[in-house]
Amino acid sequence: MLTYTPPIRDMQFVLYELLDALQLSQLEGFEEVNRELIDSILEEAGKLTGEVLQPLNHSGDEQGCQFNNGQVTTPEGFKAAYRQFCEGGWTALACEPEFGGSGLPKTINTLLEEMICSANLSFGIYPGLSFGAYSAISRYASDDLKQIYLPKLADGSWSGTMCLTEPQCGTDLGLCRTKAQPQEDGSFKLTGNKIFISAGEHDLTDNIIHLVLARTPDAPEGIKGISLFLVPKKCPDGDTLTDNQVGCGGIEHKMGIKASSTCQINFDDATGWLVGDLHKGMRAMFTMMNQARLAVGIQGLGLAEASYQGARDYARERLQGRALSGVKAPDRPADPIIVHPDVRRMLLTQKAYTEGCRAFGLWVAIQLDISRKHCDKTVRQDADEFVQLTTPVVKALFTDLGFECTNLGMQVLGGHGFIRENGMEQLVRDTRIAQIYEGTNGIQALDLIGRKMPQKAGRYLRHFFHPVQDYLEQQQNNAELAEFTGPLSKAFGRLQKASQQVALTGLKSPEAAAAVASDYLRLFGLVALGYMWCRMAEQALQHPDDDSGFYTAKLHTARFFMQKLLPQNSSLFASIMAGESSMMELESEHF
Ligand SMILES: Cc1cc2nc3c(=O)[nH]c(=O)nc-3n(C[C@H](O)[C@H](O)[C@H](O)COP(=O)(O)OP(=O)(O)OC[C@H]3O[C@@H](n4cnc5c(N)ncnc54)[C@H](O)[C@@H]3O)c2cc1C
């Protein structure tokens, strides 16, 4: 059975040695943040996730959620674990102090999210959605709604959802049909059916707060007519909760995240309140969706880490065959499989992607905190543009690599990886959804090339390109680092050329640009990881007398990334330059 040890040493390396995360203490409201505080949170989060959440992961998968008479029951142990989670203040970590939160940086929350996802993704979806709802209400709702709902979401006694999807309305939210009828008292009555609603109904909290996309009677057609509404399962009136017209019609039976309830939610003249401006629902919902997209990226990372740990531990123990370079364990009947090159290829791929994503993800998280709290408006704006640019990359790259890594982890265990009791196949099944929800990865790629790249004549893109360019220039005479900067420089050159090509093509033919969007996102992501690996190698080189093995491993992994994974950039570049004709000329009926 799998166990999980939070990668606290690596998290500390990224925070303190690579990214100077203690700069966060200079931001307004984060003055108390210091190394001691962060380390103690990491340690406590590590205990909770490793000792409480992870042991429920397998049983949660086996039992799944149960639906009975409109009620959903979570698997055994989830209620008690959720209570412990709330009592520990974990739901409130990044919520504002005025609503009972701890007011800590998003960066610290990102580390917590990674640990939760490694330990038990299904569990993490409940508080994850609540925090998304908290953020959208905090930013867009009226003061009255904030006073009623935010303290309850912060302390975890109520949970949140996002209700976008309907049977005919998935990616294309303009097809939303749920109706919102205005009432004289300023509230609305909502009627419609939402499907696939995560945490839509469950037994963990006293109330569930749905954030629902719907259309008022006078609304324009399509996406411009959508508004956002807060619709509680039970309407609060002082301390009393009265049932609202919100029902659960059933739960989905799905491939993974079986302990997370995925519900059909029916609104039947349910009372709700507008959040944000009328017909500007997408803007408000995007607060939640952007946060959720980063969080889903972290799901991919968390599961990749869990799978890596399982595969590594197994590869050290499992005895099969002999090393081709000569026997390594003469006193045993065979060598451990970690001696075999192909097993090393799989483990190093997992390690290089996972640690690279962790570093890149935390860079983005720090910029997110800066974008909210820095005293200088220009710095805030630059950071915000960087986060907007990189959000689709984090979502799609991390989840694609998360799936690749969990699949490799299963392969390392051979047939035992395919057997349920061993836990590795659950990670593959659980991670697969992350490529789909919160906007499929194909849609993330379109967002990158269609919305983010053209912004302000390429200004968003420059927030990523300039740091990489400056770094390569600074390091051009660093001979020791040349084995890392050389490959990065080549890949970066290709990314720049590909960006020009996509931008020019997009002006003439949006379809031609869209055809290469996924390849472009992957190329962007590989360069981003390459940049992080160069900087990690630079740090590691400063510790030539490393007794712990930590820096030695970093250097070896950096080499593996540069020599074995980054070269994919050249085939991606070729595919991008080949354009779209081979994809678009085949008639639909000839498929
Ligand atoms: C377990 C689970 C949990 C979920 N949780 C929630 C939730 O909490 N709240 C919620 O509202 N929804 C939720 N969803 C819904 C999820 O976000 C959608 O399934 C997803 O956005 C895709 O929509 P769809 O399934 O209708 O696919 P479609 O939109 O029908 O897409 C089908 C395929 O076509 C592609 N495609 C569609 N349009 C385009 C385009 N314009 N260009 C290129 N490709 C395109 C897509 O990428 C995809 O590959 C959940 C789904 C699942 C399975």
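Keep in mind the model is a prediction, meaning the values are calculated, not measured.

1. Comments concerning the pattern of salt bridges
Next up, step 1: This structure, assessed with the given rule, holds 27 salt bridges.
Next up, step 2: With a closest N to O distance of 2.6 Å, Asp-10 and Lys-554 form a salt bridge. Remark: Lys-554 occurs in helix H16 (residues 550-565) and Asp-10 occurs in helix H1 (residues 8-18); sequence separation between them is 544 residues.
Next up, step 3: Take Asp-10: its relative accessible area is 6%, and that puts it in the buried class.
Next up, step 4: With its nearest N and O atoms 2.8 Å apart, the salt bridge here joins Arg-559 to Glu-483. Taken as a pair, Arg-559 in helix H16 and Glu-483 in helix H13 (residues 482-508) lie far apart in primary sequence, 76 residues in all.
Next up, step 5: For Arg-559, a relative accessible area of 26% translates into the label partly exposed.
Next up, step 6: A relative accessible area of 34% places Glu-483 in the partly exposed class.
Next up, step 7: Through salt bridges with shared partners, a single ionic network connects Asp-10, Glu-114, Glu-305, Lys-351, Glu-355, Arg-358 and Lys-554.

2. Considerations on the site of the ligand
Next up, step 1: In the vicinity of the ligand lie 18 residues, with Met-162, Thr-165, Thr-171, Phe-196 and Thr-440 positioned nearest.
Next up, step 2: Between an oxygen atom of the ligand and a main-chain N or O atom of Leu-164, the distance comes to 2.8 Å.
Next up, step 3: Here Phe-196 contributes a backbone N or O atom positioned 2.8 Å from a nitrogen atom of the ligand.
Next up, step 4: In the complex, the protein chains occlude 61% of the 960 Å² of accessible area that the ligand would expose alone.
Next up, step 5: Elements with a minimum of two residues in the shell around the ligand: strand S3 (158-163), strand S5 (188-198) and helix H11 (441-452).
Next up, step 6: In terms of residue count, S5 provides more of the shell around the ligand than any other element does, three residues in total.
Next up, step 7: Looking at the shell around the ligand residue by residue, the class counts come to ten nonpolar, six polar and two charged.

3. Quick word on the packing of aromatic side chains
Next up, step 1: Under the counting rule described, the total for this entry stands at 19 aromatic pairs.
Next up, step 2: With centroids separated by 4.6 Å and ring planes inclined at 45°, the aromatic side chains of Trp-363 and Phe-386 adopt a geometry described as tilted. With Trp-363 in helix H8 (residues 341-373) and Phe-386 in helix H9 (residues 377-412), this pair connects stretches of sequence that are 23 residues apart.
Next up, step 3: Assessed through its relative accessible area of 3%, Phe-386 is described here as buried.
Next up, step 4: An aromatic cluster is built from Phe-360, Trp-363, Phe-386, Phe-398, Phe-464, Phe-465, Tyr-471, Phe-492, Tyr-520, Phe-524 and Tyr-531, whose rings are joined through pairwise contacts.
Next up, step 5: Looking at Arg-9, its charged tip hangs above the ring of Phe-550, at a distance of 4.2 Å from the centre.
Next up, step 6: For Arg-432, the ring lying beneath its charged end belongs to Phe-403, and the centroid distance is 5.4 Å.

4. What about the environment of His-340?
Next up, step 1: Here His-340 lies in the loop between helix H7 (281-317) and H8.
Next up, step 2: Separated by 231 residues in the primary sequence, His-340 and Asn-109 have C-alpha atoms spaced 38 Å apart.
Next up, step 3: If we ignore the near neighbours within four places in the chain, the residues touching His-340 are Gln-320, Gly-321, Arg-322 and Ala-323.

5. Regarding the side chain of Lys-146
Next up, step 1: Within the secondary structure, Lys-146 sits in helix H6 (residues 143-155).
Next up, step 2: Setting aside anything within four residues of it in sequence, one finds Lys-146 in contact with Phe-99, Ile-137, Ser-138, Ala-141 and Pro-151.

6. Some remarks on H13
At 3.6 residues per turn, the α-helix brings residues three or four places apart onto the same side.
Next up, step 1: Taking 1.5 Å of rise per residue, 27 residues should cover 39 Å, and H13 covers 39 Å from first to last C-alpha, within 8% of that figure.
Next up, step 2: Within H13, the full set of buried residues consists of Phe-484, Thr-485, Leu-488, Ala-491, Phe-492, Leu-495, Ala-498, Ser-499 and Val-502.
Next up, step 3: Elements in contact with the buried residues of H13: H11, helix H12 (459-474), helix H14 (510-515), helix H15 (517-541), H16 and helix H17 (568-577).

The rules behind these values
Residues numbered from 1 in each chain as written. Predicted model: local features only at pLDDT ≥ 70, side-chain atom pairs only at ≥ 80, totals over all residues. Heavy atoms only, no water. Salt bridge = Lys/Arg side-chain N within 4 Å of Asp/Glu carboxyl O. Helix = DSSP H or I, 4+ residues; strand = E, 2+ residues; numbered from the N terminus. Buried < 20%, exposed > 50% of the residue type's maximum accessible area, 1.4 Å probe, protein only. Near = heavy atom within 4 Å. Polar contact = N/O pair within 3.5 Å; in protein donor to acceptor, adjacent residues only side chain to side chain. Areas by Shrake-Rupley, 256 points an atom, 1.4 Å probe, with all protein chains shown as cover. Nonpolar A, V, L, I, M, F, W, Y, C, P; charged D, E, K, R; others polar. Phe/Tyr/Trp six-rings, centres within 6.5 Å; stacked < 30°, edge-to-face > 60°. Lys NZ or Arg CZ within 6 Å of the ring centre and 35° of its normal. Contact = heavy atoms within 4.5 Å. Expected span 1.5 Å × (residues − 1).

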